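Structure at a glance
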Amino acid sequence: MNGLLGFYEGGKSFLHGRNPTLKLVSLMVPMLAVTLAFDPWTPVLFFGLALLVLCVLGRVPLRHVARPLALVFMLSALGLLVSNAFFYDPQEGTSVTVLWEGGPLRLTLEGLRVGFALTMRTMAIVTLSLLFVATTDPTDFVLSLIQHAHFPFRLGYGILVAYRFLPMWRSELDLIRSAHRIRGVGERTSLRGRWEQLRRYAVPLLAGAIRKAERVSIAMDSKAFGALPKRTYYRRLDLTRADWAMLAVSALVTLFILLILANAGLLVGYGVVPGD
Amino acid sequence: MPLIEIHDLSVRYPRTAQKALEHVSFSVEQGETWLLLGPSGSGKSTLGLCLAGLIPHSVPAAMEGQILLDGRDAAEMSVGTRTAQIGMVFQDPEAQFCMLTVEDEVAFGLENLAIPYEEMGGRISEALAIVGLGERRHERVDRLSGGQKQRLALACALARRPAILFLDEPTANLDPASRREFFRLLGKLREEQPSLTILLIEHILDDLIDLIDRVLLLAPGGTVFGEGTPGDMLDSRGDELDRMGIWLPQVTALGHKLRAAGLPVARLPLMVEEAASALESLLVQHTLARPGTIPDTGQEARTPMAIRVDDLTFGYRGSAEVLHKISLDVPSGSLFAIVGPNGSGKTTLASHFADVLRPPVGRVFLLGDDIAGLTTGQVTERVGYVFQNPEHQFVEQQVDDELAYSLRVRHRSAAEIEATVGQLLRSFGLEAHRRRNPFALSQGQKRRLSVATMLAVGQRILVLDEPTFGQDRDTARALMERLCGLHREGVTVVVITHDMQLVADYMEQVAVLVDGRIRFAGSTQALFADQALLQEASLRALPLHDLAREMGVRFADGFLPMSIRDWFPFFGLETGSTPRSAACAREDAS
């Protein structure tokens, strides 16, 4: 467990140094732009740009993200591209270009295009998320939400504690599984068996978790957590000019790309349903 | 004026009939170090929770009486002011931190007190330097060892500059080397900050008794049983302490037993050096022939070996080797300990004995058969493996079903199941609890149940991972006696441990593992005679062995006396009729 979902890459870079809350907002702008577009060009451009930013401004080596990205690509290509390419159902009256036909299957150019657009949309959104996840220390993220987004600090620290305990629960679960295995409990496949197994794993896991949670909460109270109306912060995640600049540049670049695509007549979506 | 004054304090937890503390009064002067001593259930931890104001604010309990801090009524102080005065360190190193890195964790306690940002950096460095963690400031908390975590907990408390430190069994979950390190640190702290007042709860007193100014003795039910200097308390209340199951420092226990045997021990010693000078004049002989042991020749006849490991090397996928070319023989019917520092591969090695990890062909043999050729069912019929946390192994919702489980999956007859379960319930003292949920049992009962379940199908080899870890001494001892019973019935018992007292008291043979290699395998006596090896393996000699070296006492063959009973002949006393060779007869070493 390296970080959120195991993708956090420690290090120093322009992106690592940015305020997490503003980073999140800055990334939501292009994400929104990609979500609203239906043409294949918008996601391709944003995907390429996000990858470039990740490597240059985030200093995340390409090979670290290549595997998860390839996996996402294959999955969505298999699901979205293939199904759309073969089963594209055009509205009545529109003509389609059939590239290949065999039995019930019909490969169409239009279907291929829609499938490709959807696949690239997934890729662009995943890469944009990766931009955030790979360059943001989860503790900083929660602290920044508390300090800048009025996130309640009690809840915030609760999340941090839970996050700290995740790897422990994982190894605990592994232990319980081998302990049960040598008692002769086989891994079940039937629905009833699975339910039974879930209960068997959950009871010791929960018993341990509740005990630990109680202890941690007493330890936190003993350090006067929440005793004073105001607390100070050692990690101060100030909003700098660079942070605001990042937001501004993000918005401008997004707008710029959309304008260029619109001018070239390639932009579809934004109120215009494809095929209309 | 005393710093802490407690008047007539009584506490009762909800839904319990008995009070946790009853009419407790005492007062502590600034700069004193107090030891709170008493059996489990005598309200020691409750006292700490009251002092810190966690009762009644965080932990629901009814409290009567008065606590004065520096002359002010604590009940009238705000929670903030009050917790600022008291730094707490708790027992469980895994459950007292809430942040990811060392620095953040120390800062957390300061942020809550709204210490200005500018001041925090300096305070953090200072506190980490005191506990020797300055280098690890940016380390993640979960990468620290148990001992380092407890030192971090101390740093968190110190950074807040409290007037009082309350340490609730800070070393109960640590290995012996880390425990000693922690108390060395506490000693240094006491010298450097003489105004700091310390209240400490501990069970094993050997490394800490010289730090203590006063002892508060609590009896079961939370009443004060006595108060005074450690010398006075251990000397005058030695018998009662013994009866309550409280462990005296080993040299004190020796003095106590010698006095009971009629020797004129003027004052019970607390420390090894004291004991050496106090007992020197009473010594009759420095060297003795070791009383007859069963010759080792018998063991050859008992082949095949219960467990035989032949050139086993193992590494978890993607990480360095954990075990290097291990070869080891565990004779049938032996009491065998595997010891070594944390991370030396003890558990990994033992995991290969019970199919938790599967060894390659030709590396591990159970009663002569290659384990790689056996099914999990066949392995678990021969070997019972008891995990460190008994709860991990429970699969049923009732004690008797738990015991029957392994038999049911093997489709044994109802009559046989009934008979075996009844017999196990009786011999493990669980008859009264047969309908209860395993998770609702006490810690000692859980442990007994987990051992019993591992014997249900008639296993002849029992492997236990840290069976006494984090337990109080009474529970630990009861368990060890039960294991001795099994040993007498011919079961091979293998124990992974770093409790050297347990090894000295009960184990016949020991293997020492350092960095995944076997550094020693042989008799327990031979291990304790080899000081260089003990140090290399960061194990530690026991105080009685230190005393023997100090006084020049040993057997003619170079071995040291292993238990108090062994010491008797050196003072010209009879040992009694118990033959020396029966390992389990050594259990009076306390």
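Residues numbered from 1 in each chain as written. Chains lettered and ligands numbered in written order. Predicted model: local features only at pLDDT ≥ 70, side-chain atom pairs only at ≥ 80, totals over all residues.

Some words on the overall build of chain A
Helix and strand counts for chain A come out as 8 helices and 2 strands. Ordered by position from N to C terminus, the α and β elements of chain A give α-α-α-β-β-α-α-α-α-α. The C-alpha atoms of chain A give a radius of gyration of 24 Å, which is well past the 19 Å a tight globule of 276 residues would have. With respect to the principal axes defined by its C-alpha atoms, chain A has extents near 70 × 60 × 35 Å. Looking at chain A residue by residue over its 276 residues, the buried ones come to 32%. When contacts within chain A are restricted to residue pairs at least 6 apart in sequence, those whose partners lie at least 24 apart make up 78%. (Helix = DSSP H or I, 4+ residues; strand = E, 2+ residues; numbered from the N terminus. Rg over C-alpha atoms; globule rule 2.2 N^0.38 Å. Buried ≥ 20, exposed ≤ 12 C-beta atoms within 10 Å, placed from the backbone. Contact = placed C-beta atoms within 7 Å.)

Considering helix H10 (residues 250–260) of chain B
Residues and elements named next belong to chain B. Counting buried residues in H10 gives 9 out of 11 residues, a clear majority hidden from the surface. Residues Gln-250, Val-251, Thr-252, Ala-253, Leu-254, Gly-255, His-256, Lys-257 and Leu-258 constitute the buried set of H10. Looking at the buried residues of H10, the elements they touch are helix H8 (230–236), helix H9 (238–243), helix H11 (272–280), helix H22 (543–551) and helix H23 (564–567).

Here we look at the domain arrangement of chain B
Residue and element names in this part refer to chain B. For chain B, the assigned domains are domain 1 (4–245) and domain 2 (301–543). Using only C-alpha atoms to locate each centre, domain 1 and domain 2 end up separated by 35 Å. A class-by-class count of the residues in the side of domain 1 that touches domain 2 yields 3 nonpolar, 5 polar and 3 charged. (Domains from an automatic or database assignment. Nonpolar A, V, L, I, M, F, W, Y, C, P; charged D, E, K, R; others polar.)

A word on the sheet that holds strand E4 (residues 62–69) of chain B
Residues and elements named next belong to chain B. Spatially, E2-E1-E4-E5 is the arrangement adopted by the 4 strands of the open sheet, whose pairing is antiparallel. Because the sheet does not close on itself, it has two edges, and the strands there are strand E2 (21–28) and strand E5 (72–73). As judged from the 7 bridges shared by strand E1 (residues 4–12) and E4, these two strands associate in the antiparallel manner. Pairing of Glu-5 across the sheet is with Leu-68, part of E4. (Pairing = 2+ DSSP bridges.)

Considering the pairing of strand E18 (residues 461–465) of chain B
All names here are of chain B. The element E18 is extensively covered by neighbouring structure, given that 5 of its 5 residues are classed as buried. Where burial is concerned, the two faces of E18 agree: the one with Ile-461, Val-463 and Asp-465 and the one with Leu-462 and Leu-464 are both buried. Pairing analysis gives 4 bridges linking strand E17 (residues 383–386) to E18, with the strands arranged parallel. Directly across from Val-386, in E18, lies its bridge partner Leu-464.

Details of the packing of helix H2 (residues 41–56) of chain A against helix H4 (residues 109–135) of chain A
All names here are of chain A. Look at H2 against H4: their axes get within 8 Å of each other, and the N-to-C directions meet at 25°. As judged from the angle between their axes, H2 and H4 are roughly parallel. Between H2 and H4 the crossing geometry is left-handed. When H2 is examined against H4, the residues Pro-43, Val-44, Phe-46, Phe-47, Ala-50, Leu-51, Val-53 and Leu-54 are found in contact with a partner set consisting of Ala-117, Met-120, Arg-121, Met-123, Ala-124, Thr-127, Leu-128, Leu-130, Leu-131 and Ala-134. (Axes fitted to C-alpha atoms, helices over the stretch in contact; angles between N-to-C directions. Parallel < 35°, antiparallel > 145°, perpendicular 65-115°, else oblique. Left-handed = near helix turned anticlockwise from the far one by under 90°.)

Some words on the domain arrangement of chain A
What the domain assignment reports for chain A is domain 1 (4–136 + 240–263) and domain 2 (143–222). The C-alpha centroid of domain 2 of chain A is placed 34 Å from the C-alpha centroid of domain 1 of chain A.

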